[in-house]
Amino acid sequence: KRAFYIGRFQPFHLGHYSVITSIAEEVDELIIGIGSAQRTHEANNPFTAGERVMMIRHALEDIDIHFYALPIDDIQQNPIWVSYVTSRTPPFDTAYTNNPLVIELFEEAGIAVKQPPMYRREQYSGTEIRRRMLADEDWKHLVPDAVADVIDEIDGVRRLKRVSGTDG
Ligand code: ATP
Ligand code: MG
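The following refers to the structure shown.

Reading the values: the criteria
Residues numbered from 1 in each chain as written. Chains lettered and ligands numbered in written order. Predicted model: local features only at pLDDT ≥ 70, side-chain atom pairs only at ≥ 80, totals over all residues. Heavy atoms only, no water. Axes fitted to C-alpha atoms, helices over the stretch in contact; angles between N-to-C directions. Helix = DSSP H or I, 4+ residues; strand = E, 2+ residues; numbered from the N terminus. Left-handed = near helix turned anticlockwise from the far one by under 90°. Contact = heavy atoms within 4.5 Å. Nonpolar A, V, L, I, M, F, W, Y, C, P; charged D, E, K, R; others polar. Phe/Tyr/Trp six-rings, centres within 6.5 Å; stacked < 30°, edge-to-face > 60°. Buried < 20%, exposed > 50% of the residue type's maximum accessible area, 1.4 Å probe, protein only. Pairing = 2+ DSSP bridges. Right-handed = clockwise from strand over helix to strand, strands pointing away. Core = buried A, V, L, I, M, F, W, Y, C linked by side-chain atoms within 4.5 Å.

Between helix α2 (residues 49-59) and helix α6 (residues 145-153), whose axes approach to 8 Å, the crossing angle comes to 150 degrees. For the pair α2 and α6, the sense of crossing is right-handed. The residues of α6 that touch α2, namely those facing E51, M54, M55, H58 and A59, are A146, V147, V150 and I151. Among the residues making up the contact of α2 with α6, the classes are represented as 7 nonpolar, 1 polar and 1 charged.

All right, on to the packing of aromatic side chains then. Here the structure, examined in full by the defined rule, presents 7 aromatic pairs. For the pair F4 and F92, a centre-to-centre distance of 4.9 Å together with 15 degrees between the ring planes defines the contact as stacked. Of this pair, F4 sits in strand β1 (residues 2-7) while F92 sits in the loop between α3 (81-86) and β4 (94-96), placing them 88 residues apart in sequence. One exposure class covers both F4 and F92, and it is buried. Ring geometry for W81 versus F106: centroids 5.5 Å apart, planes at 65 degrees, classification edge-to-face. Here the residue W81 occupies a position in helix α3, and F106 occupies one in helix α4 (residues 100-108), the gap between them amounting to 25 residues. Of the two residues, W81 and F106, both sit in the buried class. Here the aromatic residues F4, W81, F92 and F106 are joined through ring pairs into a cluster of three or more.

Bridge count between strand β2 (residues 29-34) and strand β3 (residues 66-71): 6 bridges; the pairing is parallel. Bridging across to β3, E29 finds its partner in H66. As a crossover connection, the stretch from β2 through α2 into β3 is right-handed.

So, about helix α5 (residues 126-134). Along α5, the residues that are buried comprise G126, E128, I129, R130, R132 and M133. At its buried positions, α5 is contacted by α6 and α7 (156-164). Just downstream of α5, D136 is the residue with a positive phi angle, here 55 degrees.

Right, let's get into the nonpolar core. Membership of the largest hydrophobic core comes to 35 residues, with the highest contact counts inside it found for F12, L30 and I56. Of all elements in the fold, only β1, α1 (14-24), β2, α2, β3, α5, α6 and α7 reach the threshold of two or more residues within this core. If sequence neighbours within four positions are ignored, F12 has contacts with Y17, I20, M55, I56, A59, L60, V143, P144 and V147. I6, V82, Y84 and V102 belong to the second-largest nonpolar core, a separate cluster that totals 17 residues.

Below, the structure written as structure tokens:
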């Protein structure tokens, strides 16, 4: 059994990690789609697809699952989005997502959808983590240690602050 899970992972946090550990108990292989892959150096999308691949690979090192982390660019064409995804991924039976548009597109294409439960959403949220980074509040406890290391390595908080700034 092979499944698909998509997110932007800006950054990859413990909510994503907890969803993936529970999916890992149900499937043999997991395709992790890195959405909006072409977006980077923006306030809502600070990290590159390659940096997000690195976060996921290091964060999941200790989990017993065979996974593929694959960048998926936005194509801005909903009617062909499912075929676009499936043309770039190994075949899969089930998609795990809570995004209403993604649910609709997969179900119309006849692909089974499962909605993973939200895990402490008020803090395990990319938006909340980016807000904390900009405000110099604590955020490292909300991501796997390996992700905090990647963000330090690439000086990610400094980048986020710069790309979120204005001319003044
Ligand atoms: P952002 O605030 O930037 O949108 P996010 O936390 O929603 O970030 P995404 O990358 O958009 O993260 O989410 C990918 C998938 O992970 C989505 O289907 C989302 O519903 C799910 N997800 C996000 N946070 C959690 C969480 N705390 N528990 C379970 N699932 C989550
Ligand atoms: Mg989101």
